[in-house]
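Examination of the molecular architecture
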Amino acid sequence: MAINVLERRQMERDAFCRACDKVIKRNTEEAIVWYSWRNKGQHIMICLPCSQTIGEMAEEFSDEGSS
């Protein structure tokens with residue numbers, strides 16, 4: 001995976017959402033995933049409900065700037 005490329009994919013291993021700490025189950029759930037090279041590097045996983053909330057927050061922010 002290239003650095004900082006966001007992708008939606010099914011988990012191959014159980015993982016934890018970095019926003020809500022929910023377990024993302026392997027082979028059954030998808031998440032938004034990317035790799036961060038900061039502080040020795042790590043993969044970041046966000047569950048789909050949290051990614052939806054983040055998207056809604058971003059839309060609200062952009063709507064505030066356009067009024």
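All values reported here derive from a predicted model rather than from experimental measurement.

**A look at a negative patch on the surface**
- Where like charges cluster on the molecular surface, the negative patch consists of Glu-56, Glu-59, Glu-60, Asp-63 and Glu-64.
- Looking at the secondary structure, you find Glu-59 in helix H1 (residues 48–66).

**Some details on the environment of Met-11**
- Looking at where Met-11 falls in the secondary structure, it is placed in the loop between strand E1 (7–10) and strand E2 (15–16).
- Distance in space between the C-alpha atoms of Met-11 and Thr-28 is 7.4 Å, their sequence separation being 17 residues.
- For Met-11, the residues in contact, after removing those within four places along its chain, are Ile-24, Lys-25, Arg-26, Asn-27, Glu-29, Ala-31, Val-33 and Met-45.

**Observations regarding the pattern of salt bridges**
- Tallied over the entire structure, the rule returns three salt bridges.
- Of the charged contacts in the structure, one is a salt bridge between Glu-29 and Lys-22, with a shortest N-O distance of 2.5 Å.

**So, the confidence of the model for the protein**
- Looking at the protein, the pLDDT average stands at 90 and 90% of residues meet or exceed 70.
- Averaged pLDDT values for the elements of the protein fall to 88 in H1 and rise to 98 in strand E3 (residues 23–24).

**Focus on unusual backbone geometry**
- A positive phi angle, near 50 degrees, is found at Asn-39, a position not held by glycine.
- Unusually for a residue other than glycine, Lys-40 sits at a positive phi of about 75 degrees.
- Structurally, Lys-40 can be placed in the loop between strand E4 (30–36) and strand E5 (42–47).

About the criteria used
Counting of residues starts from 1 at the beginning of each chain's written sequence and follows it residue by residue. Local features in this predicted model are restricted to residues whose pLDDT is 70 or higher, and side-chain atom pairs enter the listing and the counts only when it is 80 or higher, whereas totals over whole chains, interfaces and linings include all residues. Only hydrogens and water are set aside when side-chain values are computed; all heavy atoms of the structure are taken into account. Within the patch definition used here, like charges are joined within 9 Å and nonpolar side chains (Val, Leu, Ile, Met, Phe, Trp, Tyr) within 5 Å, considering only residues with over 30% relative accessible area and no salt bridge. Here, Shrake-Rupley sampling with a 1.4 Å probe gives the accessible areas, and only protein chains in the shown set may cover a residue. Any Lys or Arg side-chain nitrogen found within 4 Å of a carboxyl oxygen on Asp or Glu counts as a salt bridge. Charged-residue counts in this description rest on Lys and Arg as positive and Asp and Glu as negative, His and the chain ends being excluded. Taken as the charge centre is NZ of Lys, CZ of Arg, CG of Asp or CD of Glu, depending on the residue. Secondary structure follows DSSP: runs of H or I at least 4 residues long count as helices, runs of E at least 2 residues long count as strands, and numbering of each begins at the N terminus. The contact rule is simple, with two residues in contact once any of their heavy atoms fall within 4.5 Å. As a per-residue measure, pLDDT reflects the predictor's confidence and takes values from 0 up to 100.

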